[in-house]
Structure formats: structure tokens, C-alpha cells
Amino acid sequence: MTAWPATAEALEREERRLLAARPEPWTLPAAPGTVGACAVVYGRGGAGRGEAGEAAFAGAALWREGRALSTVAASGPAPAPFQFGRLALREGPLLEAAVRRLPERPEVLLVQAGGRDHPRGCGLAVLLGAALDLPTAGVTGEPLRAAGPPPALPAGSLSPLLLGGELVACWVRTRAGVRPVVAHAGWRVAAETAAALVLACV
């Protein structure tokens, strides 16, 4: 991808292209190396109103062995309004800019966005990974379309989230007594690998 799609039609063409790709799967090493993470917030309070042009702030961080190495940011107007299933139009360019400012290229990237759990199977975590040529996993508080039972209560418990019979994400209990998060399959990262990566990072 040479530039982020600017229209819904262009985005869907790129999604179809990536869904047809067969990149080599990424496997989690015994000791994860440098891990990156990125997210976007909007204006005061961070939630935003969902309008095009509102102030948006993307942050990216690097850490290794539980220690933060560096953080960077990028800001600008959101290029598109919020539309269900089309978050890449709104956040993709800013996230790419923030990650490219990191002083070191991460081995894998966590993205606050969905991946294969998406109406067309290709969410922002997938598109960002392809744009950066980096393995990616999404991390969110809720699934988008997938469904499955919550995990058991002990820390480290997992449960599958399926969409159309396919495993696209996992519930992950990072700590006992704490609400689980969703680890999403992304670019070159399967759902089970995404879940293992989230646990390795906490």
C-alpha cells in the first residue's frame, strides 16, 4: 500500500487485496523482543465526536522485557468521520505516522483496533501491519462481530471468539478479577498467537 485509501470504495479494494494475500505467519518467540503499541485519542477526554477534521492524537511506544524504551506521538485532523467497519479511513494515516517515528523498528505491533473480527474480515490492525510490513495484533475491550463465552476467572485464561465459524480473536484474562480484553488476529498474527503475545506482555 503506497497511500492510505481515502474513500470507502478504495478501502474495500485494499481489504480484498490483503485478504487474498498469504504472508508468512509470525510466531511468538520464547522471549518476545521489542514490542510496539499504538492508539489514537481525540480532543478533550479522548473520545471524540466522530466528525472529520476533529483533533486526533496518535501515540506509539516501544518496550522490551517489561521496560518502556521510548514513546512518540503524531497529531492532526481526523481525515474521515467515524463509520462502522471503516476505522482505517479515520485513524490509519496517523497511526502509521506515529509508528514510523519510533527510533527502533519493533518486532511486532499491538494496535488498539480490530483485525480479522470485522464485517469484511480486514480491520485496521490488518491494514496497518500491511502498510508498515510488521506483524500486528489488535487489542480491544470488546469484540466487533465475533462471539464466544467469557474466559474462566484465573489470570491467563482464554476463550475463543468466532465469526462465521472461524477463530478471529480470543478473550484474554490478563489478571484475576479484572475484565478480560480481546486479542485480535492481525497481519501475519493468528488469534491464538495474539492472545499469547498479550499475556507475554503483561
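A short tour of the structure in this document, coming up.

Quick notes on the rules
- Residues numbered from 1 in each chain as written.
- Predicted model: local features only at pLDDT ≥ 70, side-chain atom pairs only at ≥ 80, totals over all residues.
- Heavy atoms only, no water.
- Helix = DSSP H or I, 4+ residues; strand = E, 2+ residues; numbered from the N terminus.
- Rg over C-alpha atoms; globule rule 2.2 N^0.38 Å.
- Buried < 20%, exposed > 50% of the residue type's maximum accessible area, 1.4 Å probe, protein only.
- Contact = heavy atoms within 4.5 Å.
- Areas by Shrake-Rupley, 256 points an atom, 1.4 Å probe, with all protein chains shown as cover.
- Axes fitted to C-alpha atoms, helices over the stretch in contact; angles between N-to-C directions.
- Parallel < 35°, antiparallel > 145°, perpendicular 65-115°, else oblique.
- Nonpolar A, V, L, I, M, F, W, Y, C, P; charged D, E, K, R; others polar.
- Salt bridge = Lys/Arg side-chain N within 4 Å of Asp/Glu carboxyl O.
- Left-handed = near helix turned anticlockwise from the far one by under 90°.
- Pairing = 2+ DSSP bridges.

Once that is clear, we can look at the overall build of the protein chain. A count of helical and extended segments in the protein chain gives 4 helices and 8 strands. Each helix and strand of the protein chain, placed in order from N terminus to C terminus, yields the pattern α-β-β-β-α-β-α-β-β-β-β-α. Taking 17 Å as the expected radius of gyration for a compact globule of 202 residues, we find that the protein chain reaches 16 Å, a close match to that expectation. Projecting the C-alpha coordinates of the protein chain onto the three principal axes gives extents of approximately 45 × 40 × 35 Å. Here the protein chain holds 202 residues, and the buried ones make up 47% of them. Sequence separation of at least 24 residues holds for 62% of the intrachain contacts in the protein chain that already meet a minimum separation of 6. A total of about 9,600 Å² of accessible surface is found on the protein chain, and carbon and sulfur atoms cover 55% of it.

For the pair helix H1 (residues 8-20) and helix H3 (residues 124-132), the least separation of the axes is 11 Å and the interaxial angle reads 75°. Relative to H3, H1 is oriented roughly perpendicular. Together, Leu11, Glu14, Glu15 and Leu18 of H1 and Val126, Leu127 and Ala130 of H3 make up the contact between the two elements. Grouping the amino acids of the contact of H1 with H3 by side-chain chemistry returns 5 nonpolar, no polar and 2 charged.

This next bit is on the pattern of salt bridges. Going through the model one piece at a time under the given rule, you end up with 7 salt bridges. In this structure, Glu54 and Arg90 form a salt bridge, with 2.5 Å as the shortest nitrogen-oxygen distance. One end of the pair, Glu54, is in the loop between strand S1 (35-42) and strand S2 (55-64); the other, Arg90, is in helix H2 (residues 87-100), with 36 residues separating them in the sequence. Note on Glu54: relative accessible area 8%, which makes it buried. Between Arg100 and Glu96 there is a salt bridge, with the nearest N and O atoms lying 2.8 Å from each other. Placement of the pair is Arg100 and Glu96 together in helix H2, with a separation of 4 residues, close to one helical turn. We classify Arg100 as exposed; its relative accessible area is 51%. For Glu96, a relative accessible area of 16% gives the class buried.

The next subject is the packing of H2 against H3. Contact geometry for H2 and H3: axes closest at 10 Å, N-to-C directions at 40°. Judged by the angle between their axes, H2 and H3 are oblique. The hand of the H2/H3 crossing is right-handed. For the pair H2 and H3, the contacting residues are Leu87, Ala88, Glu91, Gly92, Leu95, Glu96, Val99 and Arg100 in the first and Leu124, Leu127, Leu128, Ala131 and Leu132 in the second.

Pairing between S2 and strand S3 (residues 67-77): 10 bridges, direction antiparallel. Looking at the pairing, Leu62 lines up with Ser70 of S3. Linkage of S2 to S3, two consecutive antiparallel strands, is achieved through a turn of 2 residues, within which Glu65 is found at a positive phi near 55°.

What follows covers the environment of Val35. Considering the arrangement of structural elements, one finds Val35 in strand S1. Through-space distance from the C-alpha of Val35 to that of Leu62 is 5.7 Å; in sequence the pair is 27 residues apart. Setting aside chain neighbours within four positions, we find Val35 in contact with Ala61, Leu62, Trp63, Pro106, Val108, Leu110, Leu197 and Cys201.

With that settled, consider the pairing of S1. Relative to S2, S1 is paired through 8 bridges, and the arrangement is antiparallel. Bridge pairing in S2 links Cys38 to Ala60. Judged from the 4 bridges that link them, S1 and strand S4 (residues 108-111) form a sheet pairing that is parallel. Residue pairing across strands places Cys38 opposite Val111, the latter belonging to S4.

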